[in-house]
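Here are the chains, one letter per residue:
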Amino acid sequence: MTQPIFLQPIFQERIWGGTALKDQFGYPIPSNHTGECWAISAHPNGPSIVKNGPFKGKTLIQLWGEHPELFGNPKDKVFPLLTKILDANTDLSVQVHPNDQYAAKYENGELGKTECWYIIDCKEGAELIYGHHSSSKEELVSMIENGEWNEFLRRVPVKPGDFFYVPSGTIHALCEGTLVLETQQSSDTTYRVYDYDRVDQQGKKRELHLQKAIDVSTVPHRDAELHILTEKRPGVVVNSFVKEQYFSVYKWDVNGTAEFVQEQPFLLVSIIDGNGEINVDGETNPLNKGDHFILPTDTGSFTMEGKFTAIVSHI
Ligand code: ZN
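Residues numbered from 1 in each chain as written. Predicted model: local features only at pLDDT ≥ 70, side-chain atom pairs only at ≥ 80, totals over all residues. Heavy atoms only, no water.

Undergrad: So, the domain arrangement of the protein: which residues are in play, and what are the values?
TA: Domains assigned within the protein are domain 1 (5-216) and domain 2 (229-314). On a C-alpha basis, the centroid separation for the pair domain 1 and domain 2 is 23 Å. In this complex, domain 1 contributes 31 residues to the contact, which on the side of domain 2 involves 28 residues. Between domain 1 and domain 2, roughly 2600 Å² of surface is buried when both sides are summed, and carbon and sulfur atoms account for 74% of that area. The interface formed by domain 1 and domain 2 includes zero salt bridges. Linking domain 1 with domain 2 are 10 residue pairs in polar contact (both at pLDDT 80 or more). Those elements that provide at least two residues to the side of domain 1 that touches domain 2 are strand E1 (5-8), strand E3 (34-40), helix H2 (60-66), strand E5 (81-88), strand E7 (115-122), strand E10 (163-166) and strand E12 (178-185). Residues that form the side of domain 1 that touches domain 2 fall into these classes: 21 nonpolar, seven polar and three charged. (Domains from an automatic or database assignment. Contact = heavy atoms within 4.5 Å. Buried area = accessible area lost by both parts, 1.4 Å probe. Salt bridge = Lys/Arg side-chain N within 4 Å of Asp/Glu carboxyl O. Polar contact = N/O pair within 3.5 Å; in protein donor to acceptor, adjacent residues only side chain to side chain. Helix = DSSP H or I, 4+ residues; strand = E, 2+ residues; numbered from the N terminus. Nonpolar A, V, L, I, M, F, W, Y, C, P; charged D, E, K, R; others polar.)

Printed below as a string of structure tokens:
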């Protein structure tokens, strides 16, 4: 049986980033404007590297290509998911992502981007932008062109532990003071709608992509309906947040000893709080806050022990 495959995160500096990835996770971030930890990634803009075992040193792109048996012999050409932790120290630009068909046609075969967020932490009174208030495409175009942002953008309050499903076509933005674990399709295509008229140190604004954003935005906005299920088993509480076309996402709160069976092609696991260990086939690996790993197809039954919270996903 293959042991869990631990991955080395990649850090991305962003104008909106801060130091929370160091302060809260102890990561060696490159600067005080670090916005993204690409935790489980096989995207060419920042692929993860295996930290342990027989595949140590390989990128997740290589592993996917050379060892399909670890992932249930998938049909997908590229590793389909991307797990990130985002430190929104200031507001992110208001944006929207295309679906698979639009991205394939206009973005050199990139995947579309449906994503979801688990709010790890946020400041008191934090919000995010989720959807808009226009009722027709014409109204959406006129509100964007006239810069009626207060009327156009739909703001929702957030608190730690909240979960949001963000299908492609949803206008959205993380706002100041939120720390988020994002599970998404493996895509880096963003159409920026509004950037608060911010300028960089050279006095330049970041590029907007209004026509593409208008093309792909869903009108009117539809709130994704979530049916969060909670299941209590010995040693663990499992919350199922979403089971959708591109991914299923869960939170596991382990407290004590819990038994699991890995029945998916592969599982992505991120420890976002606490510590403990995982035992697969008689071998034990420690688990600490900030660890990210993959449980391959042949993991079979395994045990987790300790007191920790994990966000878990599969295709
Ligand atoms: Zn996004």
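Now, onward.
Undergrad: How would you sum up the pairing of E7? Please name residues and give values.
TA: Summarising burial for E7: seven of the eight residues are buried, a large majority. One ladder, built from seven bridges, connects E7 with E12; its direction is antiparallel. Bridging across to E12, tryptophan 117 finds its partner in glutamate 182. Across four bridges, E7 lies against E10 in antiparallel orientation. Pairing of glutamate 115 across the sheet is with valine 166, part of E10. (Buried < 20%, exposed > 50% of the residue type's maximum accessible area, 1.4 Å probe, protein only. Pairing = 2+ DSSP bridges.)

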